[in-house]
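# Results of the structural survey
The primary structure of each chain is shown beneath.
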Amino acid sequence: EDMAAHVGASRTPQEVMEHYVSMYIHGNLGKACIPDTIPNRVTDHTCPSGGPLSPSLTTPLPPLDISVAEQQQLGYMPLRDDYEIEYDQDAETLISGLSVNYDDEDVEIELKRAHVDMYVRKLKERQRRKNIARDYNLVPAFLGKEKKEKEKAPKRKITKEEKEPRLKLRPLYQFMSCKEFEDFFENMHKERVLRAKIRELQRYRRNGITKMEESAEYEAARHKREKRKENKNIANAKKGKEDGKEGEFAAIENLPGFELLSDREKVLCSSLNLSPARYVTVKSIIIKDHLQKRQGIPSKSRLPSYLDKVLKKRILNFLTESGWISRDAS
């Protein structure tokens, strides 16, 4: 611009620049004065992307969108995307005292290089943790912002069945991105839905239903049947309450063999939490053994494994008091 002003208003800065480049750099004067290879050119010692001295190693992420109070709470410096207390806070002590001396031996040089390598590994680990925290929105979750965002844009509700595998697989989050994990869990959910649908269709087929129009009629009939059964159970429960027996025999009255018991035996089975069928089996074995002993025949029958000493004693006492066996035999 200064040269254009010196030449006069007839030339723009762009025209002045193009004239200089064409006449003095690419022209005869430039070919004669400027050598093909310029000596003492500065050598670039930085490594390729991802190397030990690469600028990409600690390239800061975009600053977090949080308030000033939240920045102070976290000790976060947004312009540097840095924290007052970093992971492995004392990592810089590895290289803070290093210095290059011309009289260093090879062993000392290798030791200093090892320290630099250790420090670079710690820097990589710091950056990796920041990337994971940023990818999975751990900072907003820590500040409680994640809940507000969920309220604004509600997603599919996570069931209890999904929470357990999510917790188990949480250590693997560091090896996959957030989107990959969400896609993985979403696919698992789709698989469960499809399996449930397949089971439902198989149930329809077992019941002779081959068209979806028939399934609605079948479900309505099944719902009515279950409703009638439920009403029947409620009526039976009310009847038992009226008879005053609902509390006594509710646990065993629907089990097989209940109708074979006397009132006293029902009370015994209910108190011992013993099914009627098992009680009848034990009762038959004990009475048979008692009759064989009275006839002088040795008893070889064995009592069931579910009959412990306490149950056996209670049943023996009951049978003795009822007159089924004599007191000497018991």
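Check the entry above for the structure.
Presented here is a report on the structure given in the accompanying data block. Not measured: the values here are computed from a predicted model. Each chain has its residues counted from 1, running along the sequence as written. Only residues with pLDDT of 70 or above have their local features reported here, since the model is predicted, and side-chain atom pairs are shown and tallied only from 80 upward, although totals for entire chains, interfaces and linings are computed over all residues. No hydrogens and no water enter the side-chain calculation; it runs on all heavy atoms of the structure.

## Topic: the environment of Lys 31
Topologically, Lys 31 is positioned in helix α3 (residues 28–33). Excluding anything up to four places from it in sequence, Lys 31 contacts Ile 25 and His 26. Every helix listed is a DSSP run of H or I at least four residues long, and every strand listed is a run of E at least two residues long, numbered separately from the N terminus. Here, two residues are considered to be in contact whenever any of their heavy atoms come within 4.5 Å of each other.

## Some points on the packing of helix α14 (residues 276–294) against helix α15 (residues 309–322)
Interhelical geometry of α14 versus α15 gives an angle of 65° and a closest axis separation of 11 Å. Comparing the axis directions of α14 and α15 gives the class roughly perpendicular. Crossing geometry of α14 relative to α15 is assigned as right-handed. For the pair α14 and α15, the contacting residues are Tyr 279, Val 282, Lys 283 and Ile 286 in the first and Ile 315, Leu 316, Phe 318 and Leu 319 in the second. The nonpolar class holds Ala, Val, Leu, Ile, Met, Phe, Trp, Tyr, Cys and Pro. Asp, Glu, Lys and Arg form the charged class, and all remaining residues, Gly among them, are polar. Residues of the contact of α14 with α15, tallied by class, amount to 7 nonpolar, no polar and 1 charged. Fitting a line to C-alpha atoms yields each axis, with helices limited to the stretch in contact; the angle taken between N-to-C directions then spans 0 to 180 degrees. Each angle receives one of four descriptions, namely roughly parallel if under 35 degrees, roughly antiparallel if over 145, roughly perpendicular if within 65 to 115, and oblique otherwise. If you view the pair so one helix is near and one far, a crossing is left-handed when the near helix is turned anticlockwise from the far one by less than a right angle, and right-handed when it is turned clockwise.

## A look at a nonpolar patch on the surface
Patches draw on residues past 30% relative accessible area with no salt bridge. Two like charges within 9 Å are joined, as are two nonpolar side chains (Val, Leu, Ile, Met, Phe, Trp, Tyr) within 5 Å. Per-residue and other accessible areas were derived by the Shrake-Rupley procedure at a 1.4 Å probe size, with only the shown protein chains allowed to occlude residues. Think of a salt bridge as a Lys or Arg side-chain nitrogen and an Asp or Glu carboxyl oxygen that are within 4 Å of each other. On the surface, a nonpolar cluster with roughly 570 Å² of combined accessible area is contributed by Tyr 20, Met 23, Tyr 24, Ile 25, Leu 29 and Ile 34. For the nonpolar patch, the element with the highest residue contribution is helix α2 (residues 13–25), accounting for 4 residues. You can see Ile 34 is positioned in the loop between α3 and α4 (68–74). Here Ile 34 falls in the partly exposed class, since its relative accessible area comes to 41%. With a 1.4 Å probe rolled over the protein chains alone, any residue whose accessible area is under 20% of its type maximum counts as buried; one over 50% counts as exposed, and the rest are partly exposed.

## Comments concerning the packing of helix α13 (residues 263–272) against α15
At a minimum axis distance of 12 Å, the contact between α13 and α15 shows a crossing angle of 165°. As judged from the angle between their axes, α13 and α15 are roughly antiparallel. Both α13 and α15 take part in a crossing whose hand is right-handed. Along the contact surface, α13 presents Arg 264, Glu 265, Leu 268, Ser 271 and Leu 272, while α15 presents Leu 311, Arg 314, Ile 315, Phe 318, Glu 321 and Ser 322. In the contact of α13 with α15, the residues fall into 5 nonpolar, 2 polar and 4 charged.

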